[in-house]
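Take a look at the letters that make up each chain.
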Amino acid sequence: MSQTVAHRQLPVREIASQTLDCDYFQRGVCRSCTELETPYPEQVRAKQQRAENLIDAHVWEEPFESRPQAFRNKVKLVVTGSVREPKLGILGGDGRGVDLRNCPLPTPGIRGAIPEIARFITACQLEPYSPATDRGVLKYVIITESDDGELMVRFVVRRRGVQGVVFKRKDELLAALPTIKVLTLNVQPEHKAIIEGAEEIIVNDADLLPMQVNCDLHGSSFSAGAKLTLNLRPQSFFQTNTDAAGELYRTAVHWLGNVNHVWDLYCGVGGFALALAAGRTHGSIVGVETSEQAVQAANQTAQQMGLADRVRFFTGDATEWVANVTERAEVGAGAIPEANVAMPDAVVVNPPRRGLSTQLCQWLNESGISHVLYSSCNMDSLARDVALMPNYTVARGKVVDMFPHTKHCEVIVMLDREQSS
């Protein structure tokens, strides 16, 4: 049976006051935060209870509570309205645009930047795109803010033809928002529900946004309380809640601190791998990610941290990469770089919402690897995948509330291989 640590109890009066006041929700124009009327501590307890019901962990640790507002480091804003009065927000249920520039969830730097970005859209005469008429050019504005206040601003447009005016007037935006570190145009010409295209045009000189994450890596090459600085390229994935990302990395270091060799599958820009590498002076760590941009950024970070001799990142699909590496190792293809990778003592997986492939679950189950650290944003796919690996038991679990005011959260579990009697 699961053993659950006691939750922090709050007085009823204090619980009742811990709801977020949002004008958009009250007016019914945005209902994305489905749990907004539930006091935040109750939201977390409900997520914890659901995780315990789905996954039988020997120990559930105390859940991580996020800041209830100003926690989102990234927003993808649909651009609607007109050139003169652009709206930046979402599409409402009636298909019309809803301006959400005063949403309380994004970080202050993002909220402060939106009015200047709207003015820049008007100055450049960038007509908002209408899916209904298939007219207009500007589809989305994607904004990311680092912990030290620097911004990445990306305009998603239908065609390259608008780059001339954006390049011509870019200095106006950079003067109004000197915190912009990276400014790009992403070209997405298709009339489909796809947010980003393959082509990214760098408008200013930088293509990397340093993302600082407070990992508190005691006993590592960092001083206590120091931050892990990851490099984020325009099309690479990073968790939308920086505080929660730091909690995930701290948890991984705590749970896997004595493990020598680690594979980090679905590694993104290398957060888990680099946090684990910074906390040790031995062993090797390998990261695998489908995004070439993310892999380039992760390898650059490893070099900057002086860890390139012990941490390597490869581009590839996790399931295919594992199959190829193990097959090459079996036939002794030592000349192939990936075949020189040591078999791991532990594997970290942080897949998309759909979870792991059946093939990868089966391989892990039969691999003999001692530990699997699984971080998931979907409890249902996590529970399904755990059930496909019966040679492991769930030693411990932790709810990390990445997404306040919704039913979603991140759950991280440690799977330990059962010892033969």
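Residues numbered from 1 in each chain as written. Predicted model: local features only at pLDDT ≥ 70, side-chain atom pairs only at ≥ 80, totals over all residues. Heavy atoms only, no water.

A. How the structure looks around the overall build of the protein chain. A count of helical and extended segments in the protein chain gives 11 helices and 18 strands. When each of the 421 residues of the protein chain is scored for burial, the buried share is 53%. Excluding contacts between residues fewer than 6 apart, the proportion of contacts in the protein chain whose partners are at least 24 apart in sequence is 68%. Counting only carbon and sulfur atoms, one obtains 48% of the accessible surface of the protein chain, whose full area is about 18,700 Å². (Helix = DSSP H or I, 4+ residues; strand = E, 2+ residues; numbered from the N terminus. Buried < 20%, exposed > 50% of the residue type's maximum accessible area, 1.4 Å probe, protein only. Contact = heavy atoms within 4.5 Å. Areas by Shrake-Rupley, 256 points an atom, 1.4 Å probe, with all protein chains shown as cover.)

B. Looking closely at the UniProt feature "binding site: S-adenosyl-L-methionine" (unreviewed entry) in the protein chain. Feature annotation in UniProt assigns "binding site: S-adenosyl-L-methionine" (unreviewed entry) to the following positions: Q239, Y266, E289 and N350. With respect to the secondary-structure elements, E289 resides in strand β13 (residues 284–289). Setting aside residues up to four positions removed in sequence, E289 forms contacts with Y266, C267, G268, A294, V295, F314, T315 and G316. Of the polar contacts made by the side chain of E289, one reaches the side chain of T290; its length is 3.3 Å. Inspection of the secondary structure assignment puts N350 in the loop between β15 (346–349) and α10 (358–367). Take N350: its relative accessible area is 13%, and that puts it in the buried class. Dropping the residues within four chain positions of it, N350 is found in contact with Q239, L265, Y266, F272, S375, S376 and E410. (UniProt positions renumbered as here; feature names shortened; annotations may be inferred. Polar contact = N/O pair within 3.5 Å; in protein donor to acceptor, adjacent residues only side chain to side chain.)

C. Spatial organisation of helix α4 (residues 108–123). For α4, built from 16 residues, the straight-helix expectation of 22 Å at 1.5 Å per residue is met to within 8% by its first-to-last C-alpha distance of 24 Å. The axis of α4 is deflected most strongly, by about 30°, at I114, and proline P115 appears within four residues downstream. By the burial criterion, the buried members of α4 are I110, A113, I114, I117, A118, F120 and I121. Buried residues along α4 sit against β3 (74–81), β4 (86–91), β6 (138–145), β7 (151–157) and α5 (163–176). Q125 sits one or two residues past α4 and shows a positive phi near 55°. (Expected span 1.5 Å × (residues − 1). Bend = angle between axes of the 7 residues up to and from the residue.)

D. Highlighting the nonpolar core. Core analysis: the largest hydrophobic core is formed by 45 residues, its most contacted members being F238, Y249 and F313. Going through the elements one at a time, β10 (209–214), β11 (227–232), α6 (242–255), α7 (271–278), α8 (292–304), β14 (311–315), β15 and β18 (410–417) are the ones with two or more residues in this core. Among the elements that line this core, the one with the most residues is α6, at 7 residues. Setting aside its immediate chain neighbours within four residues, Y249 contacts V213, C215, L228, L230, F238, G271, F272 and A275. Listed in part, the 36 residues of the second largest apolar core include W321, A383, C409 and L415. (Core = buried A, V, L, I, M, F, W, Y, C linked by side-chain atoms within 4.5 Å.)

E. View of unusual backbone geometry. Even without glycine at this site, A70 takes up a positive phi of about 55°. Tracing the backbone shows A70 in the loop between β2 (59–60) and β3. Exposure remark for A70: the relative accessible area of 19% places this residue in the buried category. With phi around 55°, D134 is a residue other than glycine that occupies positive phi space. Its place among the elements puts D134 in the loop between α4 and β6.

F. Main features of the UniProt feature "active site" (unreviewed entry) in the protein chain. Within this numbering scheme, the UniProt entry marks C377 as carrying the feature "active site" (unreviewed entry). Residue position: C377 is located in the loop between β16 (371–376) and α11 (379–387). Its relative accessible area of 17% is what places C377 among the buried residues. Residues contacting C377, with those up to four places away along its chain left out, are R353, F403, C409 and E410.

G. The arrangement of the packing of helix α3 (residues 40–54) against α11 in detail. Between α3 and α11, the least distance of the axes is 10 Å, while the angle of their chain directions is 20°. Considered as vectors, α3 and α11 are oriented roughly parallel to each other. For the pair α3 and α11, the sense of crossing is right-handed. Here K47, R50, A51 and L54 of α3 come into contact with α11, specifically with M379, D380 and A383. Residues that form the contact of α3 with α11 fall into these classes: 4 nonpolar, no polar and 3 charged. (Axes fitted to C-alpha atoms, helices over the stretch in contact; angles between N-to-C directions. Parallel < 35°, antiparallel > 145°, perpendicular 65-115°, else oblique. Left-handed = near helix turned anticlockwise from the far one by under 90°. Nonpolar A, V, L, I, M, F, W, Y, C, P; charged D, E, K, R; others polar.)

H. Structural context of the packing of aromatic side chains. A complete count under the given rule lists 5 aromatic pairs for this structure. Relative to F272, the ring of Y249 lies with its centre 5.1 Å away and its plane at 80°, an arrangement referred to as edge-to-face. Taken together, the residues span a long stretch of sequence, with Y249 in helix α6 and F272 in helix α7 at a distance of 23 residues. No difference in accessibility class separates Y249 from F272, as the two residues are buried. Ring-pair connections join several aromatic residues into one group, and the members of that group are W263, F314, W321 and W363. A cation over a ring is seen here: R31 above F25, with NZ or CZ 4.0 Å from the ring centre. (Phe/Tyr/Trp six-rings, centres within 6.5 Å; stacked < 30°, edge-to-face > 60°. Lys NZ or Arg CZ within 6 Å of the ring centre and 35° of its normal.)

I. Representation of the environment of V400 in the model. The residue V400 is located in strand β17 (residues 392–400) in this model. Judged by its relative accessible area of 0%, V400 falls in the buried class. For the pair V400 and A245, spaced 155 residues apart in sequence, the C-alpha to C-alpha distance is 8.8 Å. Discounting chain neighbours no more than four positions away, the residues touching V400 are F64, A244, E247, L248, C409, E410 and I412.

J. Structural view of the pattern of salt bridges. Summed over all chains, the structure comprises 19 salt bridges. Of the charged contacts in the structure, one is a salt bridge between K407 and E35, with a shortest N-O distance of 3.5 Å. Highlighted residues: K407 in the loop between β17 and β18 and E35 in the loop between α2 (23–26) and α3, separated in sequence by 372 residues. The class of K407 is exposed, set by a relative accessible area of 59%. (Salt bridge = Lys/Arg side-chain N within 4 Å of Asp/Glu carboxyl O.)

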